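In case you want the letters, here they are:
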Amino acid sequence: MLIPTSETDAAYIIRNAAAEGKALALCGGATRAGFGNFGQPAEIFSARGLRGILDYDPAEMVMTARAGTPLAEIEAALSGNRQMLAFEPMDHRGIMGTSGEPTIGGVFAANVSGPRRFVAGAARDSLLGVRFVNGKGEAVKAGGRVMKNVTGLDLVKLLAGSFGTLGFLTEVTFRLLPQPPAVETLVVSGLDDAAAAQAMAAAMALPVEVSGAAHLPLTVRHRFVNGGLPEGAATVLRLEGLSASVEVRAQKLAAVMAAFGPVERLVPEQSLLLWRQIRDVAPYADGTTRPLWRVSMAPSAGHQLVAALRLEAGVDAFYDWQGGLVWMRMEADAEADLLRRYILALGGGHATLVRAPDAMRSTIGAFQPQPEAVAALSARVRQTMDPAGIFNPGRMGVI
Amino acid sequence: MSEAIRFLAPRQDVLSRRAAIVADLADLLPIECLVQDARGLAPFETDAFVSYRRVPLAVALPETTAQVAAVLKYCHRFNVPVVPRGAGTSLSGGAIPQEDAVVLCLSKMARILELDYANRTATLQAGVTNLRISEAAAIDGFFYAPDPSSQLACTIGGNIGMNSGGAHCLKYGVTTNNLLGVKMVLVDGTVIELGGKHLDAAGYDLLGLVCGSEGQLGVVTEATVRLIAKPEGARPVLFGFDTCEQAGACVTDIIASGIIPVAIEFMDKPAIEICEAFAKAGYPLDVGALLIVEVEGSEAEMDAVLDSIVEIAGRHAVKTVRQCQSPTEAALIWKGRKSAFGATGRIADYICMDGTVPLGKLSHVLNRTAEIVESYGLRVANVFHAGDGNMHPLILFNANDPEDAARAEAAGNDILKLCVDVGGCLTGEHGVGIEKRDLMRHQYSAIDLAQQMAVRAAFDEKWLLNPSKVFPLDGRT
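As the structure is a prediction and not an experimental result, all values here were calculated from the model.

Caption draft 1: Structural view of the overall build of chain B. Summing up its helical and strand segments, chain B has 18 helices and 18 strands in all. Here chain B has a C-alpha radius of gyration of 22 Å; the compact-globule value for 477 residues is 23 Å, and the two agree. Seen through its principal axes, chain B has C-alpha atoms that stretch 70 × 55 × 45 Å. For chain B, the residues scored as buried account for 59% of the 477 residues in total.

Next up, the structure:
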């Protein structure tokens, strides 16, 4: 296991590995190590030795940290100033059955986002600048520390979500938001998946700034807030902001939602717990390796996908992002071909196999296959960053 | 007219084949979609960075993605440079052509293809203007957030090319944060789609890379963007201060307090006078600096937020606080701000800088900017997006005096270097274009730039797409 403690060390290790053609398994805290395809065997190369917040002026709402800084350390510092990461990064340890410490670099490398993503942007939207070492062992800077920056090509976006296949992140700079002083969650009860999709779309069309919209069908609702949700399937809508404003908006939203079903409100403690559990996919943090899919589609298509699959396979699902993010646990087979065919038929999107038994993972591509021209382009881009192909080879499939 | 910035030398082999190239293009496009005569080409010789002009070889005005693909495939095969163009409103020279290039202008592809409210998306051809998106969606209570000052004219394709911002980006983000998908044509004519109505890429975030790539990675022909429910109400409020320092410190304090208004716009005295003379917006003329702070939401919400902002402004000796009394008045306030560049153009020639700096450095950079411009014997007006530190000093000069023009460019370069040196960047929303190309080495090391150029070459190995822009002309791979 290689754990460099400086960017210079990291560059040295990479240069040597490139010269020898030796594969490196780039990671942070390895809490998402089960992600992606089975690649070639590779030596673990972790950023966890690069640790510490380098620059944090709360008034600027920007932070720079070494990539291996534990997320918990970042969040503690932010919380002290009533600030937060807008994209609500999920914790994968529950569903992946991993231990260890998630790192801020890992969060960005996997572009990990939570319930607020559909209105406030993904991890990649908050990432302003990076330093990384490319596959030639060169330290590269991209982006900066200001919110608006269009100077040259946006390599920052490219690194976000590249799962350690393009560069070894050493430093990340990201924007912050103030924590909302008040949170309110409305629960609309008893809707089926299709009605829930309509209700959520109606909520998003109102000028009330919904910052969370999820649908928790009957099969999963008891797994949230210790079974404390009202009877029936729960369609949950979150409002955040100044307390006076949240109250006014909650009343408006409740009035419109009453046409769909009975509306109740959660107490604040329940509210915080609920959205954390949605974020971390609590119902499927079940200690099993049953196949778990994460599907991103147009919000109105999510429930159609699940309905179509149900006719042919055992599937349990719940929805976030107004219905556009579907978490699906398969009862037996992963049904990858069927699933991906339906996604295309329903207007496109992508499915990622987040978890599965090893035997399944070795035969099913974890990421949605891309059209030939896009795959070729991605391969050429990778070639410029990691010409020797030593960073997590095979993890993202053809690229 | 200034000539300090070099273009690539025209390819003689292309120039000598001009007649044959035009004839071949005529086979690929309907007759009304090809411009080749001197009079027709003249409007395309520059963009809003008017100091530089080059007459292109020809202009293609395709009506379909297939025509775009045919032109690119041809140009790629015969090594003809291509300069993509939307409405030609670039302030950094992003759409200025060159003598050996075919301009690929998307203005005829201007149909709104779909407004999908259930999924909150709009799908548009690249030539649809920015403002039309919001206008089309307004009746159903939605809008498209990025709002460059040129929104009446500029196209969504151009916005994607430059990752455009605008006054309201403080809350809603810039183009890249509001773009969900594109259909685009690669340099060899291959048509690809990136993204769609879903969120986040399946593989590498090529969409994020394409946004802001200044027409160097391909030509976007269609885009899917995010729509947002229109707030119940919005209210701009004017805050007048004696000095720029007070206004700058007030901006920093507003953001630090945890309030994020939709917009915080800053105008110094020269800018106030210029805009007021043009728009009669009712700006106070007895102040040294003006902030336009816009809040939105319900009446109660706006009142609450404004109370907090007024209190913060009070700590910085605010001199005037003016809330507008009607939608007409609010529109007028924004009209004054958004016409700042046009109004300035009435009294002098100007170049508009676009550096972005950390908020804490605003006052320092404003002071230094004034000193720098004065040292060149010129005048400056500042009107910019203060909430995100995106500065727009307008350096006034006389374009008929070559020395004056050269001084203005030199002053601009000094200001942009200053922005980088205090931890900011060369361009917040206008793009590098030709204007800032030769300053790229001030912000990036040779290795940083080489990595960007290698990625660029992965899309366009022959460097045919908008080749004189963004990257210094020497040292290309």
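Caption draft 2: The overall build of chain A, seen in detail. A tally of regular secondary structure across chain A gives 15 helices and 17 strands. A compact globule built from 399 residues would reach a C-alpha radius of gyration of about 21 Å, and chain A, at 21 Å, matches this within 12%. Buried positions account for 58% of the 399 residues belonging to chain A. Long-range pairs, those at least 24 residues apart, make up 73% of the contacts in chain A between residues at least 6 apart in sequence.

Caption draft 3: The arrangement of the sheet that holds strand S3 (residues 82-85) of chain B in detail. Residue and element names in this part refer to chain B. Read from one edge to the other, the open sheet built from four strands follows the order S1-S2-S4-S3, with strand pairing classed as mixed. Both outer strands of the open sheet, strand S1 (34-35) and S3, are each paired with one neighbouring strand and no more. Two strands pair when backbone bridges link them, and S3 and strand S4 (residues 102-105) are joined in this way by four bridges, in the parallel orientation. Residue Val82 lies in a different strand from S4, and its bridge partner there is Val102. Running over the sheet, helix H2 (residues 18-28) touches S1, strand S2 (58-60) and S4 and is turned about 15° from S2. Along the sheet face, helix H4 (residues 65-77) touches S2, S3 and S4 and points at about 160° away from the line of S4.

Caption draft 4: Broad picture of the pairing of strand S4 (residues 62-66) of chain A. Residues and elements named next belong to chain A. For S4, a buried count of four out of five residues is recorded, marking the element as mostly surrounded by other parts of the structure. Note: strand S3 (residues 53-57) against S4, four bridges, orientation antiparallel. Bridge pairing in S4 links Asp55 to Thr64. The pairing of S4 with strand S8 (residues 168-175) spans five bridges and is classified as antiparallel. In the strand pairing of S8, Val62 is matched with Arg175.

Caption draft 5: Looking closely at unusual backbone geometry. All names here are of chain B. Unlike most non-glycine residues, Asn466 shows phi in positive territory, near 45°. Locating Asn466 in the fold gives a position in the segment after helix H18 (446-459). Even without glycine at this site, Val470 takes up a positive phi of about 70°. Structurally, the position occupied by Val470 is in the segment after H18.

Caption draft 6: Main features of the environment of A:Gly161. Residue and element names in this part refer to chain A. Considering the arrangement of structural elements, one finds Gly161 in the loop between helix H7 (155-159) and S8. Its 25 C-beta neighbours within 10 Å are what place Gly161 among the buried residues. Taking the C-alpha atoms as reference points, Gly161 and Asp55, separated by 106 residues in sequence, lie 24 Å from one another.

Caption draft 7: Representation of the sheet that holds S4(A) within the structure. Residue and element names in this part refer to chain A. An order of S3-S4-S8-S6-S7 is seen for the five strands of this open sheet, with the pairing classed as antiparallel. Whereas interior strands pair on both sides, the edge strands pair on one side only; in this sheet they are S3 and strand S7 (139-143). When the angles between neighbouring strand axes are averaged without regard to direction, this sheet yields 10°. By the bridge criterion, six bridges tie strand S6 (residues 127-133) to S8 in an arrangement that is antiparallel.

Caption draft 8: Geometry of the nonpolar core. All names here are of chain B. Ranked by size, the top nonpolar core spans 290 residues in total, and within it Ala60, Val102, Val251, Leu291 and Ile395 carry the most contacts. Among the elements that line this core, the one with the most residues is helix H16 (residues 402-421), at seven residues. Ignoring sequence-local partners within four residues, the contact set of Ala60 consists of Leu25, Leu29, Cys33, Leu34, Val71, Val102, Val103, Leu104 and Cys105.

Caption draft 9: Structural detail: the domain arrangement of chain A. All names here are of chain A. By the assigned domains, chain A splits into domain 1 (7-178), domain 2 (182-279) and domain 3 (282-361). Placing the centre of domain 1 and that of domain 3 at their C-alpha centroids yields a distance of 27 Å. Listed as interface residues are nine residues of domain 1 and, on the opposing side, twelve residues of domain 3. Tallied by class, residues from the side of domain 1 that touches domain 3 come to five nonpolar, three polar and one charged.

Caption draft 10: Representation of the domain arrangement of chain B. Looking at chain B, the domain boundaries give domain 1 (12-105), domain 2 (112-229), domain 3 (233-340) and domain 4 (348-437). Classifying every residue of the side of domain 1 of chain B that touches domain 2 of chain B gives seven nonpolar, six polar and one charged.

Caption draft 11: Spotlight on the interface of chain A and chain B. Taken residue by residue, the interface counts 70 residues in chain A and 73 residues in chain B. At eight residues, helix H15 (residues 372-385) of chain A tops the list of elements feeding residues into the side of chain A that touches chain B. Taken together, the residues of the side of chain A that touches chain B break down into 35 nonpolar, 22 polar and 13 charged.

Caption draft 12: Structural view of the environment of A:Ala25. Residues and elements named next belong to chain A. Along the chain, Ala25 falls in strand S1 (residues 24-27). Residue Ala25 is classed as buried on the basis of its 21 C-beta neighbours within 10 Å. Separated by 77 residues in sequence, Ala25 and Pro102 have C-alpha atoms that sit 16 Å apart. Non-local contacts of Ala25, meaning those with residues more than four positions away in its chain, are made with Ala42, Glu43, Ile44, Phe45 and Asn392.

Caption draft 13: Highlighting the packing of helix H10 (residues 243-257) of chain A against helix H12 (residues 299-314) of chain B. It is the contact of H10(A) with H12(B), at a shortest axis distance of 9 Å, that shows an interaxial angle of 175°. As judged from the angle between their axes, H10(A) and H12(B) are roughly antiparallel. In this structure, H10(A) uses A:Ala244, A:Ser245 and A:Val248 to contact H12(B), whose residues at the interface are B:Ala300, B:Glu301 and B:Ala304. Here the contact of H10(A) with H12(B) is built from residues that sort into four nonpolar, one polar and one charged.

Caption draft 14: Main features of the packing of helix H10 (residues 244-256) of chain B against H12(B). Residue and element names in this part refer to chain B. Contact geometry of H10 with H12 gives a least axis separation of 9 Å together with a crossing angle of 140°. Considering the angle they form, H10 stands oblique to H12. Considering the relative orientation of H10 and H12, their crossing is right-handed. Counting all contacts with H10, which are made through Cys250, Asp253 and Ile254, the residues of H12 involved are Ile309, Ile312 and Ala313. Of the residues contributing to the contact of H10 with H12, the split by class is five nonpolar, no polar and one charged.

Caption draft 15: A look at H12(B). The end-to-end C-alpha distance of H12(B) is 22 Å, a good match for the 22 Å that 16 residues give at a rise of 1.5 Å each. Among all positions of H12(B), only B:Glu301, B:Met302, B:Val305, B:Ile309, B:Ile312 and B:Ala313 are buried. Down the axis of H12(B), the buried side of the element spans an arc of 100°, and every buried residue falls inside it. Exposed and facing more than 90 degrees away from the buried side of H12(B) are B:Glu299, B:Asp307, B:Glu311 and B:Gly314. Considering only its buried residues, H12(B) is in contact with H10 of chain A together with strand S12 (233-241), H10, strand S14 (289-297) and strand S15 (320-323) of chain B.

Caption draft 16: Structural detail: the environment of B:Ala271. Residues and elements named next belong to chain B. One can find Ala271 in helix H11 (residues 269-279). Taking the C-alpha atoms as reference points, Ala271 and Gly288, separated by 17 residues in sequence, lie 10.0 Å from one another. With residues near it in sequence (within four places) discarded, Ala271 still touches Ala340, Ala381, Asn382 and Val383.

Caption draft 17: Representation of the confidence of the model for chain B within the structure. Per-residue confidence for chain B averages 94 on the pLDDT scale, and 99% of its residues sit at or above 70. Per the prediction output, this complex has pTM 0.96; the corresponding ipTM is 0.97.

Scoring rules and cut-offs
- Residues numbered from 1 in each chain as written.
- Chains lettered and ligands numbered in written order.
- Predicted model: local features only at pLDDT ≥ 70, side-chain atom pairs only at ≥ 80, totals over all residues.
- Helix = DSSP H or I, 4+ residues; strand = E, 2+ residues; numbered from the N terminus.
- Rg over C-alpha atoms; globule rule 2.2 N^0.38 Å.
- Buried ≥ 20, exposed ≤ 12 C-beta atoms within 10 Å, placed from the backbone.
- Contact = placed C-beta atoms within 7 Å.
- Pairing = 2+ DSSP bridges.
- Axes fitted to C-alpha atoms, helices over the stretch in contact; angles between N-to-C directions.
- Core = buried A, V, L, I, M, F, W, Y, C linked by C-beta atoms within 7 Å.
- Domains from an automatic or database assignment.
- Nonpolar A, V, L, I, M, F, W, Y, C, P; charged D, E, K, R; others polar.
- Parallel < 35°, antiparallel > 145°, perpendicular 65-115°, else oblique.
- Left-handed = near helix turned anticlockwise from the far one by under 90°.
- Expected span 1.5 Å × (residues − 1).
- Arc of directions from axis to C-beta.
- pLDDT = per-residue confidence, 0-100.

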